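Residues per chain, in single letters:
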Amino acid sequence: MVRNVAGELRELESADFYLLSGVEHGMRFSEWVDRGTLTEYARLDSEEVDHRLDRCERRGFIERKTMQYQGFRLTFEGYDALALHTLVERDTIEGFGAPLGVGKESDVYEVTSYKPLALKFHREGYTNFREVQREREYTADRNHRSWLYTARKAAEREYDALETVYPTVSVPRPIDHNRHAIVMEKLDGVELSQAALPDEQAVGVLDLVLSELADAYAEGYVHADMSEYNVAVSEQGVMLFDWPQAVRTDHENAEEFLERDIENLLGYFRRKHPGEIGEPDIASITASFRDGTFESIADH
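Reference entry: report on the structure contained in this document. What you are looking at is a predicted structure, and each value in this text was computed from that prediction instead of being measured.

Scoring rules and cut-offs
- Residues numbered from 1 in each chain as written.
- Predicted model: local features only at pLDDT ≥ 70, side-chain atom pairs only at ≥ 80, totals over all residues.
- Heavy atoms only, no water.
- Helix = DSSP H or I, 4+ residues; strand = E, 2+ residues; numbered from the N terminus.
- Buried < 20%, exposed > 50% of the residue type's maximum accessible area, 1.4 Å probe, protein only.
- Polar contact = N/O pair within 3.5 Å; in protein donor to acceptor, adjacent residues only side chain to side chain.
- Phe/Tyr/Trp six-rings, centres within 6.5 Å; stacked < 30°, edge-to-face > 60°.
- Pairing = 2+ DSSP bridges.
- Contact = heavy atoms within 4.5 Å.
- Axes fitted to C-alpha atoms, helices over the stretch in contact; angles between N-to-C directions.
- Expected span 1.5 Å × (residues − 1).
- Parallel < 35°, antiparallel > 145°, perpendicular 65-115°, else oblique.
- Left-handed = near helix turned anticlockwise from the far one by under 90°.
- Nonpolar A, V, L, I, M, F, W, Y, C, P; charged D, E, K, R; others polar.

### Section: the side chain of Thr 92
(1) Moving on: Relative to the helices and strands, Thr 92 is located in the loop between α5 (76–89) and β4 (95–102).
(2) Moving on: Residue class for Thr 92 comes out buried when judged on its relative accessible area of 10%.
(3) Moving on: Polar side-chain contacts of Thr 92 include one of 2.6 Å to the side chain of Asp 176.

### Things to note about the packing of aromatic side chains
(1) Moving on: Enumeration according to the criterion identifies six aromatic pairs in this entry.
(2) Moving on: The interplanar angle of 35° and the centroid separation of 4.4 Å between the aromatic rings of Phe 76 and Trp 147 together place this pair among those described as tilted. Of this pair, Phe 76 sits in helix α5 while Trp 147 sits in helix α7 (residues 147–165), placing them 71 residues apart in sequence.
(3) Moving on: Judged by its relative accessible area of 4%, Phe 76 falls in the buried class.
(4) Moving on: Judged by centre distance (5.2 Å) and plane angle (40°), the rings of Phe 96 and Tyr 109 are tilted. Highlighted residues: Phe 96 in strand β4 and Tyr 109 in strand β5 (residues 106–112), separated in sequence by 13 residues.
(5) Moving on: Judged by relative accessible area, which is 24%, Phe 96 ranks as partly exposed.

### Thoughts on the environment of Asp 45
(1) Moving on: As for its position among the elements, Asp 45 is in the loop between α3 (38–42) and α4 (46–58).
(2) Moving on: At a separation of 3.3 Å, a polar atom in the side chain of Asp 45 contacts the main-chain amide nitrogen of Glu 47.

### Focus on the sheet that holds strand β2 (residues 62–66)
(1) Moving on: Strands sit in the order β1-β3-β2 across an open sheet of three strands; the sheet is antiparallel. Strands with a single pairing partner mark the edges of an open sheet, and in this sheet they are β1 (33–34) and β2.
(2) Moving on: Here β2 runs beside strand β3 (residues 70–74); their pairing, made up of five bridges, is antiparallel. By the bridge assignment, Glu 63 is partnered in β3 with Arg 73.
(3) Moving on: Packing of helix α2 (residues 14–26) onto the sheet brings it into contact with β1, β2 and β3, and relative to β3 it is tilted by some 100°.

### A look at unusual backbone geometry
(1) Moving on: Geometrically, the link from Tyr 166 to Pro 167 is a cis peptide bond, its omega value of 5° lying close to zero.
(2) Moving on: For Pro 167, the location among the structural elements is in the loop between α7 and β7 (174–178).
(3) Moving on: The backbone of Asp 242 shows a phi angle near 60°, a positive value even though the residue is not glycine.
(4) Moving on: The partly exposed category is assigned to Asp 242, whose relative accessible area is 26%.

### With respect to helix α8 (residues 199–218)
(1) Moving on: Counted at 1.5 Å a residue, the expected span for α8 with its 20 residues is 28 Å, and the 30 Å between its end C-alpha atoms agrees.
(2) Moving on: Tucked inside the fold, the buried residues of α8 contact α7, β10 (221–222), β11 (231–234), β12 (237–240), α9 (254–272) and α10 (282–291).
(3) Moving on: Phi turns positive, to about 105°, at Gly 220, one or two residues after α8.

### Considering the packing of α9 against α10
(1) Moving on: Two elements in contact, α9 and α10, have axes whose closest approach is 10 Å; the angle formed by their N-to-C orientations is 120°. Relative to α10, the element α9 is oriented oblique. At the point where α9 passes α10, the crossing takes the right-handed sense. Contacts from Glu 255, Leu 258, Glu 259, Ile 262, Glu 263 and Leu 266 in α9 reach Ile 282, Ile 285, Thr 286, Phe 289 and Arg 290 in α10.
(2) Moving on: Looking at side-chain class alone, the contact of α9 with α10 contains six nonpolar, one polar and four charged residues.

Just distances and angles here, no functional claims.
This is the structure we're talking about:
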């Protein structure tokens with residue numbers, strides 16, 4: 001649990017983080033890092049490496065495996081500790097709170113700073129690294145041999161997208177990021193999939209979501225994973241979240257992803273609010289995104 005990691009941080013010493021960083025560096029080249037390389041990677045002498053390995057293993061930050069050599073790798077708790085340590089050192093976060101959402105590919109927690117914020121840890125690839133390598137474009141660098149790279153690249157891509165489209169698009173305001181972690185504004189409202197939306201409001205809410213996607217397109221991005229699970233609805237309007245798979249509008253598959261996003265939204269609203277949406281022309285909607293004229297689903 002990340003909360004346990006946060007509690008352990010005050011017990012760690014500088015040399016523990018040197019060791020964890022050394023294992024992280026070694027995992028760029030191998031899933032399991034040879035014990036013999038850690039004096040170089042961690043910049044600690046051999047006795048100190050053994051001492052720090054024992055301390056970090058007891059805390060669940062690393063695990064070991066004996067094969068042709070004695071190998072070590074970070075657990076996600078160890079990677080969390082490195083990211084948290086950096087964010088605390090930067091004064092980005094001051095305290096750690098309750099879970100806001102725990103899923104297959106990310107965990108989100110409340111953190112405190114000048115106001116309550118959200119801390120999102122990307123988890124892509126930890127349990128299904130080979131599958132994610134096949135499916136995710138940001139794993140294309142095959143020189144990297146571990147899930148660390150996949151999770152870090154997912155966080156980088158999401159943070160870059162948020163920085164680009166905010167504040168034109170209603171997304172969580174990005175605050176900071178390190179490794180696989182992003183600090184951002186907390187979401188308002190409830191997930192669209194859980195919202196008790198009256199039928200008479202369905203078209204209006206759909207128009208709001210599509211307008212945000214159109215604004216994102218104008219800012220150079222397609223969400224590429226849009227669904228009722230990536231929209232928050234509140235009295236203030238809608239907010240779009242979860243952007244790690246977003247692509248630039250000049251991407252070779254951008255138009256395909258845009259049409260899929262629109263189809264996913266229309267499909268959800270038709271299922272949830274039958275008879276309210278009709279059969280709009282998706283090609284016409286995407287064309288209105290391109291020329292910046294989208295106003296309402298009723299026009300298509």
